[in-house]
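Residues per chain, in single letters:
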Amino acid sequence: MPIQPRHPHPWTISPQEAIALQERLQDQVIREGPMPKPSAVIVGVDVGFRGEMARAAAVAVRFPDLTPLAQAVAEVPVAFPYIPGLLAFREAPAILAALERLPVAPDFLMVDGHGISHPRRMGIAAHLGVYLDLPAIGCAKSKLWGHYEPPPDVPGAWTPLQDGPEVIGAVLRTRTGAAPVFVSIGHRISLENAIATVMACVRGHRLPEPTRLAHLAAGGADVVRPSGQPRLF
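Please read all numbers here as calculations on a predicted model, not as lab measurements.

Cut-offs and rules
- Residues numbered from 1 in each chain as written.
- Predicted model: local features only at pLDDT ≥ 70, side-chain atom pairs only at ≥ 80, totals over all residues.
- Heavy atoms only, no water.
- Helix = DSSP H or I, 4+ residues; strand = E, 2+ residues; numbered from the N terminus.
- Rg over C-alpha atoms; globule rule 2.2 N^0.38 Å.
- Buried < 20%, exposed > 50% of the residue type's maximum accessible area, 1.4 Å probe, protein only.
- Contact = heavy atoms within 4.5 Å.
- Areas by Shrake-Rupley, 256 points an atom, 1.4 Å probe, with all protein chains shown as cover.
- Lys, Arg positive; Asp, Glu negative; His and termini not counted.
- Charge placed at Lys NZ, Arg CZ, Asp CG, Glu CD.
- Phe/Tyr/Trp six-rings, centres within 6.5 Å; stacked < 30°, edge-to-face > 60°.
- Lys NZ or Arg CZ within 6 Å of the ring centre and 35° of its normal.
- pLDDT = per-residue confidence, 0-100.
- Pairing = 2+ DSSP bridges.
- Axes fitted to C-alpha atoms, helices over the stretch in contact; angles between N-to-C directions.

All right, on to the overall build of the protein then. Along the backbone of the protein there are five helices and eight strands. For the protein, the succession of helices and strands along the chain, N to C, is α-β-β-β-α-β-α-β-β-β-β-α-α. Relative to the 2.2 N^0.38 estimate, which gives 17 Å for 233 residues, the radius of gyration of the protein is 16 Å and therefore close to what a compact globule would have. Summarising its shape, the C-alpha atoms of the protein cover approximately 50 × 45 × 30 Å along the three principal directions. Of all 233 residues assigned to the protein, the portion counted as buried reaches 54%. For the protein, restricting intrachain contacts to residue pairs at least 6 apart in sequence, the fraction spanning at least 24 positions comes to 65%. Split by element, the accessible area of the protein, about 9900 Å² in all, is 55% carbon and sulfur. A gap of 5 Å separates the mean positions of the 21 positive and 20 negative side-chain charges of the protein.

Here it is in structure tokens:
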């Protein structure tokens, strides 16, 4: 897919410049929007690291049946240090390279990371959503920012993730007996619709299928055969 950023900017900048850029972009996040329509293409993205290389995977699935449609992987040298709150600058260049190689265009992004549940409301899901002007959801495995009460141990139960009085995400139980995930708005979707979309993408695992398959692909698995037929994991 050709990358056509709505808010282009360099990724190799200083940490101080990166913080200033996040503060400028945070007002561009749209915190309302619908769920994906039937037959929409959701692309899950995740990044793994091998030494000084970032290996990003993008896996496209059809909503709501979640049939895998295509995958693409890209390895890019790491050019930004590991700094919590600035992971977009470390991971996004590899993700964008993987999206460039994907043969189908995304209607939605689902990112293994945070959206507005971030100290400057500009986690990687929000950053990619604004950068590409695509609806985006953050679905992270651990908390970056905020406070919460644990949700009941029932699939679909959630509690608000808050920064003071502001709700910045949801702590969502996707599977009985499993740790919750942290869902937040990335761009052009409401929190309620982000939660509903994540739950609609769960198939018996803790992680929703788009990011679960992207995690597998980033680790080297082929989740879509060359013939276009999905593999089962």
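The next subject is the packing of aromatic side chains. Using the criterion set out here, one finds four aromatic pairs in the structure. Plain terms: the ring middles of Tyr148 and Phe182 are 5.4 Å apart, the flat faces sit at 75° to each other, and that makes the pair edge-to-face. One end of the pair, Tyr148, is in the loop between β5 (136-140) and β6 (158-163); the other, Phe182, is in strand β8 (residues 181-187), with 34 residues separating them in the sequence. We classify Tyr148 as partly exposed; its relative accessible area is 32%. We classify Phe182 as buried; its relative accessible area is 5%. The structure contains a cluster of three or more aromatic residues connected by ring pairs, namely Trp11, Phe80, Phe89 and Tyr131. In this arrangement the basic side chain of Arg90 is found over the ring face of Phe49, its NZ or CZ atom lying 4.8 Å from the centre.

Predicted confidence across the protein gives a mean pLDDT of 95, with 96% of residues reaching 70 or more. Scored below 50 in pLDDT, residues 227-233 shows 16 contacts in the model against residues more than four places distant or in partner chains.

Counting through the fold element by element, Gly220 comes out in the segment after α5 (209-218). Note on Gly220: relative accessible area 40%, which makes it partly exposed. Along the primary structure Gly220 and Leu102 are separated by 118 residues, whereas in three dimensions their C-alpha atoms are 16 Å apart. When neighbours within four sequence positions are excluded, Gly220 is seen to be in contact with Arg50 and Arg55.

On to the sheet that holds strand β4 (residues 108-111). If you trace the eight strands from one edge of the open sheet to the other, you get β3-β2-β1-β4-β5-β8-β7-β6, paired in mixed fashion. The open sheet has two edge strands with one neighbour each: β3 (68-77) and β6. Strand-to-strand twist in this sheet, taken as the mean axis angle between neighbours without regard to direction, amounts to 25°. Taken together, the nine bridges between strand β2 (residues 53-62) and β3 define a ladder with antiparallel strand orientation. What sits directly across from Ala58, in β3, is Ala72. Sheet contacts for helix α4 (residues 191-200): β1 (41-50), β4, β5, β6, β7 (166-172) and β8; angle to β7, the most-contacted strand, approximately 15°. Together, β1, β2, β3 and β4 form the strand contacts of α5, whose direction differs from that of β1 by roughly 35°.

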